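Per-entry structural report
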Amino acid sequence: MPRIELINITKRWGDFFGVKNLNMVIEDRDFVSLLGPSGCGKTTTLRMIAGLETPTEGIIKIGDKVVFDSEKGVNLSPDKRDVGFIFQNYALWPHMTVYENIAFGLESMKWDKKEIDKRVKEMLALMKIEEFEKRYPSEISGGQQQRVAIARTLAIKPQVLLMDEPLSNLDAKLRLEMRTELKRLHADTDSTFVYVTHDQLEAMTLSTKICLMKEGTIQQYAPPLKVYNEPNNLYVADFVGNPSMNFVNGRIEKSGDKYEVSLLGYKAEFVPNEEVQGIDGDVTVGFRPEFMKIAEDGKISATVYSTLPSGLETTIKLKIGEEIISSVVFGASDYVTDEELRCNIAGSNVCVFDKDGQKVAMGQLIIR
Amino acid sequence: MKAINLEKIKNRIKTYFSNPANCMLVFFFCVFLGLSIYPITAMIKEMFVVHAGIEKTLITAKKGSFTLYHVQKLFIPSEWSVTSFYIPFKNSFLLGLFGAILAIIFGGVTAWLMTRSNLVHKKIIGTLFMFPYLMPAWTLAQFWIYLFQNSNVMSGNKGIMQSLFGICMPQWFVYGLFPCVIVNSLHFAPFAYILIGGILQNMDATLEESAQILKANRLRIVRKVTLPIVMPALLSTFLLVFSSGFASYAVPVFLGGAVRFYTLASKMKAMINAGYMGQAYIIAAVMILCGIIILMINQKYTNKRRSFTTVTGKSGQVSLVNLKKANRPISIAMIILTVCFSVVPLIVFALQTIQRVPGDYSVSNWTLDFWIGKDLDAYKMGMVGGILVGQDFLMALLRLVLLSLACSAFAGTAGLFIGYSVVRNRRTRLSKMVEAMSFFPYLIPTIAFAAIYLALASTKTFSFLYNSFALLVLVGGVKYLPFASRGCINSMLQVSSEIEEAAILMNVPWYKRIFRILVPIQKTSIFSGYLLPIVSAMREVDLFALIVANSRYMLTTMLLAFNQTGYDQYASAITLLIIVIVLVINQVSSKLTGASISQSVGSYNKQ
């Protein structure tokens, strides 16, 4: 079963780098999300794996097969790479019925008529779209089109399934539903999924590994919870999580074997989780909203700037000095605007970033 | 009770007309009704009455009395009807059919190469390929004659092929259906190229990519995906080109006159000249009917349920087909071919104008007399000398330019208001009708269109239009309206109504909304709406040939007269000037405003 390997992949248009020196291994049966803002090179990467885009330099392997090698001039066309691809706009052929759309790939592979019929029926049943087989794409809804696109792609049993923002054209409720289906599909089909999205929540909930990109380079390639809890740098920390991580400017000084931090007008001690070296001077301290605890015995005094209850949880924007800090508490609770509160920064996942935005340490903050 | 109802109706009408878009819509509806229904009824009447002249003596009835003579004479099989109707009809049909097929093949292949492959030198091929469309169709016909005429056929003048290479082509190759088909297809290939290229460019590339991923080979993708998707548009391109070829007049006159090859259009003109007015109008009616049938076929086919609907989403980066080794040869072949029908004709025309004796290409025969000479006894034809000497030519040029500008102002402005009122009333029945009616003039063959208005001007009520500049402007303006209004409708559709609504809330009057907000936003496409009528009018022969009585009146009619009397040097000089003016206008406007002919034609296809 296939493992996808990208070695030193670069895609350049003139002076513009779409993807820059990218190295990545996608293990068999992984569900990898390429995550990032628009223009970060994620779709280009996906299209290069499929063979729809030709890299300027590098090597791509799918399974044991080298499908692209710029030095040796190897470049297999998409139909020989044994991949499935689901396009953002589904790319269903408007002049073919649902049935014909799904059967197309099998016909290309010169399957027997009966076999084709059996397989198409199977796919229709799997995606629960049996009743639409005679309709044209323009006559079914977006969600149904999406299912047809998946059925069409899976019909030829590709070893790798590549998806380019497949859920972005669906409404919110349908998107949630399809997320569940996709995860289920991944478990059922035993194939490798590569998934492009700009929605961090989608990447978090679906994938086994997230590859976060920025301007054509990888920022972090790790399982979702690791990306969430231990971001490599400020960019990753900021991109993942909603509401996003709190960042405050602070100053660290080492005195003896202890680290003294001044932030938000308070003094605190920073206890790193692991031994660290050379953190000194101006830093950015980051902590997730769920670690901003509201507690009567809290050391920090704050006023409520505004409250955003969603039912399941409540986001409270707190004003501490001149900074606005988010805090999330479970359940519905309401606070009066401008109410005075006490709070604390809890947990051992407080991140310290240096001036360049690189994470230099993680640990606990003890406010004095 | 009754009083209240009346009040209600009165208020409704008041509300309806308080919206300027509604007023315009009603206005254009009435104008179109007048401009199409009235002339057509006038024409139908002409089909059944006795006219002065030859008809009166043949039928021996009073002028103006009712008769079925014309219908019987033209349709009941006889030697007369075969030569005057059935054969020209067959010729028109074949010319339209083969011309369209060739144009689509030539234009379609080029469009595919330009949009879907990595062909080199695309820019120069694209520019040159447009030339034949910018040139009047008859210039290519003229070019064909200069190239292939030889001492073995008809007039016996030597053409370039004979003079330089001693090649003599047979008569069927030089005159008649074959060269007409070739010339028409060359002229309309760029048209097909723009339309098909537009479809290919707008067509979502992922549709083809997904087929490739599903293991279909190149041929299967073209056959099963690309072709079926572009088919409706291809068909409508075919029908548009077919109807233009079917109705073409000038090309058959140039290439067919010598061998008595007639199409419906050229036969009709001959009938009018010979005084068979009734039969001429019947031919015009037949042509109009064919145009309407073509439109109906087009509508029916494009309204199918599986018609090409763009599914939302970005049309991704297109991966171009690698032509590999064939790239350079194809590119060079394309360049040679396009040069043959763009630059070479210009050179040939230039050479023609400096020959003392036509057909002699030796340097000793060169003269500038036909440009600037004075007192050319033999070639004078009423001219004082070369065409740059004396006022006749300059006046004719001036009139042509004035006419083009006036037609453009008429068509472009009307198109702007039609676009605005149609789009703002989208989905109402009246709006659909006005949109369809504004397209109607396109379907009427040019020469039949001219005949309609000629008939209109012959009626007592409109006799003041007869032989007037105003009639020319009216005819030209209405004829070119379809392009302008279609373009404006498309551009108005792209501006969301909120932009205008924001201004309505601030109490900005409607004319300010149009000219201060909508027009600046869509200035390029609106300018294209003005550009195409200018260029079309500049090179129009079919439309004005019938209406202009005095051939000295306008440059194009002057050209036709020179050509028919064999003054090739004058004719070539005028042709050359017209082509150059058209090319310059197109280049300048595309540089200055970004509007170009290809864009104007392209807007035709997006519905």
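For every chain, the first residue of the written sequence is number 1, and numbering continues from 1 onward in sequence order. Written order decides the labels, with chains lettered from A and ligands numbered from 1. Per-residue local features of the predicted model are confined to residues with pLDDT of at least 70, and side-chain atom pairs are confined, for both listing and counting, to 80 or more; whole-chain, interface and lining totals are unaffected and use all residues. Hydrogens are left out, water is left out, and the side-chain values use all remaining heavy atoms of the structure.

Observations regarding the overall build of chain A
Note the following rule: Secondary structure counts use DSSP, requiring at least four H or I residues in a row for a helix and at least two E residues in a row for a strand, with both numbered from the N terminus. Partly exposed describes any residue whose relative accessible area lies between the buried limit of under 20% and the exposed limit of over 50%, with all areas from a 1.4 Å probe on protein chains only and scaled to the type maximum. We call two residues in contact whenever any of their non-hydrogen atoms come within 4.5 Å of each other. Computed by Shrake-Rupley with a 1.4 Å probe, the accessible areas treat only the displayed protein chains as cover when residues are assessed. As used throughout, the charge tally considers Lys and Arg to be positive and Asp and Glu to be negative, leaving His and the chain termini uncounted. By convention, charge coordinates are those of NZ in Lys, CZ in Arg, CG in Asp, or CD in Glu.
A tally of helices and strands in chain A yields eight helices and 22 strands. In terms of overall dimensions, chain A has a C-alpha envelope of 75 × 50 × 35 Å along the principal axes. Within chain A, buried positions represent 52% of all 368 residues. Counting contacts in chain A only where the partners sit at least 6 residues apart, residues at least 24 apart contribute 63% of the total. Summed over all atoms, the accessible surface of chain A reaches about 16,600 Å², with 47% contributed by carbon and sulfur. Both charge centroids of chain A, one from 45 positive and one from 54 negative side chains, sit 4 Å from each other.

Observations concerning empty space enclosed by the protein
All names here are of chain B. The following threshold applies: Throughout, the protein atoms alone are placed on a 1 Å grid, and a set of points is a cavity if a 1.4 Å probe fits but cannot get out or a pocket if it is open with protein on both sides within 12 Å along at least five of seven lines; lining residues have an atom within 4 Å of a point. Grid points are joined across faces, edges and corners, and a volume is the space filled by probe spheres set on the points.
Going through the model one piece at a time under the given rule, you end up with seven cavities of 30 Å³ or more. For the largest cavity, the calculated volume is near 620 Å³. If you trace the largest cavity, you find 34 residues lining it, with Phe-188, Ser-244, Thr-446, Arg-539 and Glu-540 closest to the centre. Where the lining of the largest cavity is concerned, the elements lending two or more residues are helix H7 (137-148), helix H10 (177-202), helix H12 (218-246), helix H13 (250-256), helix H15 (277-302), helix H20 (429-443), helix H22 (469-494) and helix H25 (523-538).

Some remarks on the domain arrangement of chain A
All names here are of chain A. Under the convention used in this document: As annotated, the domain borders come from an automatic or database domain assignment. We define buried area as the total accessible area lost by two parts upon association, computed with a 1.4 Å probe and summed across both. Definition used for salt bridges: Asp or Glu carboxyl oxygen within 4 Å of a side-chain nitrogen of Lys or Arg. As used in this structure description, the phrase polar contact means that two N or O atoms lie within 3.5 Å; if the pair is within protein, one of them must be able to donate a hydrogen and the other to accept it, and residues adjacent in sequence are counted only when both atoms belong to side chains. Throughout, the ten residues Ala, Val, Leu, Ile, Met, Phe, Trp, Tyr, Cys and Pro are labelled nonpolar, Asp, Glu, Lys and Arg are labelled charged, and all others, Gly among them, are labelled polar.
Looking at chain A, the domain boundaries give domain 1 (4-239) and domain 2 (246-367). Each of domain 1 and domain 2 has a C-alpha centre, and the two are 38 Å apart. If you look at the interface, domain 1 gives nine residues, while domain 2 gives eleven residues. When the two sides are added together, the surface that domain 1 and domain 2 hide from each other amounts to roughly 920 Å², 53% of it contributed by carbon and sulfur. Between the two partners, domain 1 and domain 2, sit zero salt bridges. On the surface where domain 1 and domain 2 come into contact, there are five residue pairs in polar contact (both at pLDDT 80 or more). Counting only elements with at least two residues in the side of domain 1 that touches domain 2, the list comes to helix H7 (224-229) and helix H8 (234-239). Here the side of domain 1 that touches domain 2 gets three residues from one element, more than from any other, and that element is H8. Its residues assigned to classes, the side of domain 1 that touches domain 2 comprises four nonpolar, three polar and two charged.

Regarding the sheet that holds strand E16 (residues 292-294) of chain A
Residue and element names in this part refer to chain A. The following threshold applies: For two strands to pair, DSSP has to find at least two bridges joining them. Orientation is described by lines fitted to C-alpha atoms, with helices fitted over the stretch in contact, and by angles between N-to-C directions that extend from 0 to 180 degrees.
Strand order in the open sheet formed by five strands is E16-E20-E17-E18-E19, and the pairing between neighbours is antiparallel. Where the open sheet ends on each side, the last strands, each with one partner, are E16 and strand E19 (323-330). On average, adjacent strands in this sheet sit at an angle of 45 degrees to one another, irrespective of strand direction. Both E16 and strand E20 (residues 340-345) contribute to a ladder of three bridges, which runs antiparallel.

Regarding the layout of surface pockets
In this approach, a probe sized like a water molecule rolls over the atoms, and the result shows the empty space that is left. Residue and element names in this part refer to chain B. The computed volume of the second largest pocket comes to approximately 970 Å³. Looking at the lining of the second largest pocket, the elements that each hand over two or more residues are H7, H13, helix H14 (264-274), helix H21 (446-458), helix H26 (542-547) and helix H27 (555-565). Residues belonging to the lining of the second largest pocket are distributed by class as follows: 24 nonpolar, 16 polar and two charged.

With respect to the nonpolar core
Basically, it comes down to this: The set of buried Ala, Val, Leu, Ile, Met, Phe, Trp, Tyr and Cys residues whose side-chain atoms join them within 4.5 Å is what this entry labels a nonpolar core.
One finds Trp-93, Ile-102 and Leu-162 of chain A together with Val-225, Met-268 and Tyr-453 of chain B to be the most contacted residues of the largest nonpolar core, which totals 251 residues. Top contributing element to this core by residue count: H10 of chain B, with 15 residues. Residues contacting Val-225 of chain B, with those up to four places away along its chain left out, are Trp-93, His-95, Met-96 and Phe-104 of chain A together with Leu-207, Ala-211 and Arg-220 of chain B. The next biggest cluster of nonpolar side chains, apart from the first, holds 31 residues, and it includes Val-261, Ala-268, Ile-279 and Ile-325 of chain A.

Side note on the sheet that holds strand E13 (residues 258-263) of chain A
Residue and element names in this part refer to chain A. Pairing is antiparallel around the closed barrel formed by six strands, whose spatial order is E12-E13-E14-E22-E21-E15. Taking the axes of each pair of neighbouring strands and ignoring which way they run, one obtains an average angle of 45 degrees across the sheet. Where strand E12 (residues 246-255) meets E13, six bridges bridge the pair, whose relative direction is antiparallel. Its bridge partner lying in E13, Gly-250 is registered against Leu-263.

Here's the deal with the interface of chain A and chain B
Counting from both sides, the interface comprises 36 residues of chain A and, opposite them, 27 residues of chain B. Of the roughly 2,900 Å² buried where chain A meets chain B, counting both sides, 57% is carbon and sulfur surface. Together, Asn-89, Pro-94 and His-95 of chain A form the three largest contributors to the area buried by chain A at its contact with chain B, with a combined 20%. Inspection of the chain A/chain B interface yields three salt bridges. One can count nine residue pairs in polar contact (both at pLDDT 80 or more) joining chain A with chain B. Elements with a contribution of two residues or more to the side of chain A that touches chain B: helix H1 (42-50), strand E7 (83-86), helix H2 (98-108) and helix H4 (142-155) of chain A.

Looking at the pairing of strand E3 (residues 31-35) of chain A
Residues and elements named next belong to chain A. Where burial is concerned, most of E3 is hidden: five out of the five residues are buried. By the alternation rule, side chains of E3 split into Phe-31, Ser-33 and Leu-35 and Val-32 and Leu-34, which are all buried. Here E3 pairs with strand E9 (residues 192-197) via five bridges, running parallel. Each residue of the ladder has a partner; that of Val-32, found in E9, is Val-194. Pairing between E3 and strand E10 (residues 209-214): four bridges, direction parallel. For Val-32, the partnering residue across the bridge sits in E10 and is Lys-209.

Re the packing of aromatic side chains
Where two aromatic rings form a pair, the distance of their centres and the angle of their planes describe that pair. Here is the rule: Paired rings are identified among Phe, Tyr and Trp, the last through its six-membered ring, by centres lying within 6.5 Å, and are further divided according to the angle between planes into stacked (under 30 degrees), edge-to-face (over 60) and tilted (the rest).
Inspection of every chain in the model, using the stated rule, returns 35 aromatic pairs over all chains. Look at Trp-93 of chain A and Phe-104 of chain A: their rings are 4.5 Å apart centre to centre, the planes differ by 50 degrees, and that puts the pair in the tilted class. In this pair, Trp-93 of chain A is assigned in the loop between E7 and H2 and Phe-104 of chain A in helix H2, connecting sequence segments eleven residues apart. On the basis of relative accessible area, Trp-93 of chain A is assigned to the buried category, the value being 0%. Seen from their ring centres, Trp-510 of chain B and Tyr-511 of chain B are 5.9 Å apart, and the 85 degrees between their planes marks the pair as edge-to-face. Since its relative accessible area comes to 33%, Trp-510 of chain B is described here as partly exposed. By relative accessible area, Tyr-511 of chain B is classed as partly exposed at 44%.

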